[in-house]
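Geometric and topological summary
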Amino acid sequence: MQDLLDKVESTLREQPFPPSVNVETTSVCDLRCTMCGYPQMPRSKKHMKMELYRKVIDEVARERPDCQVWLNFYGEPLLTGYRLFYQVEYAKKAGCRDVRMNTNATHLDDETADFLIDAGLDLIVLSMD
């Protein structure tokens with residue numbers, strides 16, 4: 001029980017850099033799931049510029065390479081096409097040790113899965129309603 005309490009307490013302590021970072025590589029999505037706020041999102045829907053992406057990833061890799069880097073937020077990362085593979089590969093080569101993504105899987109096929117594995121993706125979460 002004490003181990004569990006110590007673990008919970010450690011998550012409440014101020015840390016110099018977050019243990020997890022969501023990088024919204026795109027704010028575009030192809031679905032309108034009822035449980036998601038995407039359809040009501042008033043901000044523009046577009047892909048992140050690679051220059052900004054590299055700047056964010058370089059900072060994460062420098063400050064906390066063991067940070068969980070999630071390549072999604074409201075958008076569907078697979079809608080960025082081959083750019084996503086380069087983003088995963090860039091994060092891994094920059095030194096990020098834990099690169100993850102969440103997808104609705106509507107654009108996930110064998111070739112895409114192979115590219116993501118080859119690029120170094122550590123975890124993929126499939127979200128389905």
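No experiment lies behind these values; they were computed from the predicted model shown.

Quick word on the packing of helix α3 (residues 83-94) against helix α4 (residues 110-119)
- Running from N to C, α3 and α4 cross one another at 20°; their axes reach a closest spacing of 8 Å. One way to sum up the angle between α3 and α4 is to call them roughly parallel. Handedness of the crossing formed by α3 with α4: right-handed. Between α3 and α4, the contacting residues are Leu 84, Phe 85, Val 88, Glu 89 and Lys 92 on the first element and Thr 112, Phe 115, Leu 116 and Ala 119 on the second.
- The class makeup of the residues in the contact of α3 with α4 is six nonpolar, one polar and two charged.

Focus on the side chain of Asn 104
- Looking at where Asn 104 falls in the secondary structure, it is placed in the loop between β3 (98-103) and α4.
- In this structure the side chain of Asn 104 is engaged in a polar contact, spanning 3.0 Å, whose partner is the side chain of Asp 30.
- Among all residues touching Asn 104, those that are not within four sequence positions of it are Cys 29, Asp 30, Leu 31, Glu 76 and Ser 127.

Considering the packing of helix α2 (residues 50-63) against α3
- Interhelical geometry of α2 versus α3 gives an angle of 30° and a closest axis separation of 9 Å. It follows that α2 is roughly parallel to α3 by the angle criterion. Seen from above, α2 lies across α3 with right-handed handedness. Across the interface between the two elements, Met 50, Tyr 53, Arg 54, Ile 57, Asp 58 and Ala 61 from α2 touch Arg 83, Gln 87, Val 88, Tyr 90, Ala 91 and Ala 94 from α3.
- Looking at the contact of α2 with α3 residue by residue, the classes come out as eight nonpolar, one polar and three charged.

Reading the values: rules and limits
- Residues numbered from 1 in each chain as written.
- Predicted model: local features only at pLDDT ≥ 70, side-chain atom pairs only at ≥ 80, totals over all residues.
- Heavy atoms only, no water.
- Axes fitted to C-alpha atoms, helices over the stretch in contact; angles between N-to-C directions.
- Helix = DSSP H or I, 4+ residues; strand = E, 2+ residues; numbered from the N terminus.
- Parallel < 35°, antiparallel > 145°, perpendicular 65-115°, else oblique.
- Left-handed = near helix turned anticlockwise from the far one by under 90°.
- Contact = heavy atoms within 4.5 Å.
- Nonpolar A, V, L, I, M, F, W, Y, C, P; charged D, E, K, R; others polar.
- Polar contact = N/O pair within 3.5 Å; in protein donor to acceptor, adjacent residues only side chain to side chain.

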